[in-house]
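# Tertiary structure, described
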Amino acid sequence: QPQEEEEEEDMGEDDMGASTAVAAGVGTTEAFRERQQRRRRQQRDNNNADANGNGYNTKTNKQQQRKKNMKKRKLYGLRNDTLTHLAFVFSALIHDADHTGITNRRLVDEADELALLYNDQSVAEQRSLAVAFSPLLSPDFDRLRDVMFASREDYQRFRKVVIDLVLTTDIASPERTQIVKSKWKEAFPTAAQAEQRRRSSMAASSAIHHR
């Protein structure tokens, strides 16, 4: 009885939706009701299948599959590497510092002072790095650096990550773009590439074992 009452209430909502649909010229009231009833029946069938253990809820299954994929995905230690997280944020903040609004190519063509200073290589990006790190290394920020970096090694690793990230934003450099693409493919291969690597690794291991 409660289920029937609930369905009757739903029909009331459907009548309102049908009226809206008709007013908007979407379709007839009967067609709208029929679609809504089909959806309710499909949802009821799915729920019954879940309760009986004979089926699965599509949304729940997708969420479970997504969690499995996340567990399989290589994160290369980034999830718990707070120093790298800090480097990401710092790079995002400073990657366009003191940018002149002129492309690297034009700076080089016009023999700009910055192009001469940075040897025509990622001129704007190298300028941003210099502008960002100069004040950070000044005596005024000694205490801040002590908080950010527990050791000299931490600072050096932080600086390397920041430099790599900022220079990567120089998309006009074909050499750097190719390097980035190669590293990306190596770190995040497609399913076919990953399978090929797995088979190659197994074949190499088998050959070593037979020796």
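Our subject in this report is the structure included herewith. Quick caveat, the model's predicted, so the values are computed rather than measured. Residue numbers restart at each chain and count upward from 1, following the sequence in its written direction. The predicted nature of this model means local features are confined to residues of pLDDT at least 70 and side-chain atom pairs, given and counted, to a pLDDT of 80 or more, with totals for whole chains, interfaces and linings taken over all residues. The basis for every side-chain value is the complete set of heavy atoms in the structure, and neither hydrogens nor water enter the calculation.

## Description of the nonpolar core
Note on soluble globular proteins: their nonpolar side chains tend to be buried together. As used here, the term nonpolar core means buried Ala, Val, Leu, Ile, Met, Phe, Trp, Tyr and Cys residues forming a set that is joined through side-chain atoms within 4.5 Å. Each residue gets one of three labels from its accessible area relative to the maximum for its type: buried under 20%, exposed over 50%, partly exposed in between, using a 1.4 Å probe on protein chains only. Ranked by size, the top nonpolar core spans 15 residues in total, and within it F90, I94, L129, F133, F158 and V162 carry the most contacts. Going along the chain from the N terminus, every DSSP run of H or I of four or more residues is numbered as a helix, and every run of E of two or more is numbered as a strand. If you tally residues by element for this core, the top one is helix α9 (residues 152-168), at 5 residues.

## Observations concerning the pattern of salt bridges
Pairing between side chains of opposite charge can happen when their charged atoms approach one another. Every case where a carboxyl oxygen of Asp or Glu lies within 4 Å of a side-chain nitrogen of Lys or Arg is listed as a salt bridge. Inspection of the entire model under this criterion finds 6 salt bridges. Taking the shortest distance from any N to any O, the salt bridge between R145 and D142 comes out at 2.3 Å. Of this pair, R145 and D142 both sit in helix α8 (residues 142-148), separated by 3 residues, roughly a single helical turn. Since its relative accessible area comes to 33%, D142 is described here as partly exposed. When the shortest N-O distance is used, the salt bridge between D164 and K160 registers 3.0 Å. In this pair, D164 and K160 both sit in helix α9, 4 residues apart, roughly one turn of the helix. Residue classification places D164 among the partly exposed positions, given a relative accessible area of 34%.

## Overview of the packing of helix α4 (residues 82-94) against α9
For every element, the axis is a line fit to its C-alpha atoms; helices are fit only across the contacting stretch, and the angle between N-to-C directions ranges from 0 to 180 degrees. Remark: α4 packs on α9, axes separated minimally by 9 Å, with the N-to-C direction vectors making an angle of 45 degrees. Taken together, α4 and α9 sit at an angle that is classed as oblique. Where α4 crosses over α9, the two elements pack in a sense that is right-handed. Here L83, T84, L86, A87, F88, F90, S91 and I94 of α4 come into contact with α9, specifically with D154, R157, F158, V161, V162, L165 and V166. Working rule for angles: under 35 degrees goes down as roughly parallel, over 145 as roughly antiparallel, 65 to 115 as roughly perpendicular, anything else as oblique. Two helices crossing with the near one rotated counterclockwise from the far one by less than a right angle form a left-handed crossing, whereas a clockwise rotation gives a right-handed crossing. In what follows, a contact means two residues having at least one pair of non-hydrogen atoms within 4.5 Å.

## Examining unusual backbone geometry
With glycine set apart, most residues show a phi of negative sign, and most peptide bonds adopt trans. In the Ramachandran plot, A111 falls in the positive-phi region, its phi being about 55 degrees despite a non-glycine side chain. Tracing the chain through its elements places A111 in the loop between α5 (104-109) and α6 (113-117). Located in the positive-phi region is S122, a residue other than glycine, with phi close to 45 degrees. Considering the arrangement of structural elements, one finds S122 in the loop between α6 and α7 (123-136). Residue classification places S122 among the buried positions, given a relative accessible area of 10%.

## Digging into the packing of α7 against α9
The interhelical angle for the contact between α7 and α9, taken along N-to-C directions, is 150 degrees, at an axis separation of 9 Å. Classified by the interaxial angle, the pair formed by α7 and α9 is roughly antiparallel. In terms of crossing hand, the pair formed by α7 and α9 is right-handed. Judged by residue contacts, E125, Q126, L129, F133 and L136 of α7 engage Y155, F158, R159, V162, I163, V166 and L167 from α9. Looking at the contact of α7 with α9 residue by residue, the classes come out as 9 nonpolar, 1 polar and 2 charged. Any residue outside Ala, Val, Leu, Ile, Met, Phe, Trp, Tyr, Cys, Pro, Asp, Glu, Lys and Arg is labelled polar, Gly included; the first ten of those are nonpolar and the last four are charged.

## Considerations on the packing of aromatic side chains
Two rings belonging to Phe, Tyr or Trp (six-membered ring only in the last case) form a pair when the distance between their centres is within 6.5 Å. Interplanar angles under 30 degrees mark stacking, angles over 60 mark edge-to-face geometry, and anything in between is tilted. Applying the stated criterion across every chain yields a total of 6 aromatic pairs. On the numbers, 6.4 Å between centres and 70 degrees between planes, the contact of F133 with F158 is edge-to-face. Residue F133 is found in helix α7, and its partner F158 is found in helix α9; the two are separated by 25 residues along the sequence. Given a relative accessible area of 1%, F158 falls into the buried group. The positively charged end of R159 is found above the aromatic ring belonging to F133, 4.6 Å away from the centroid. By definition, being over a ring means that NZ of Lys or CZ of Arg is both within 6 Å of the ring centre and within 35 degrees of the ring normal.

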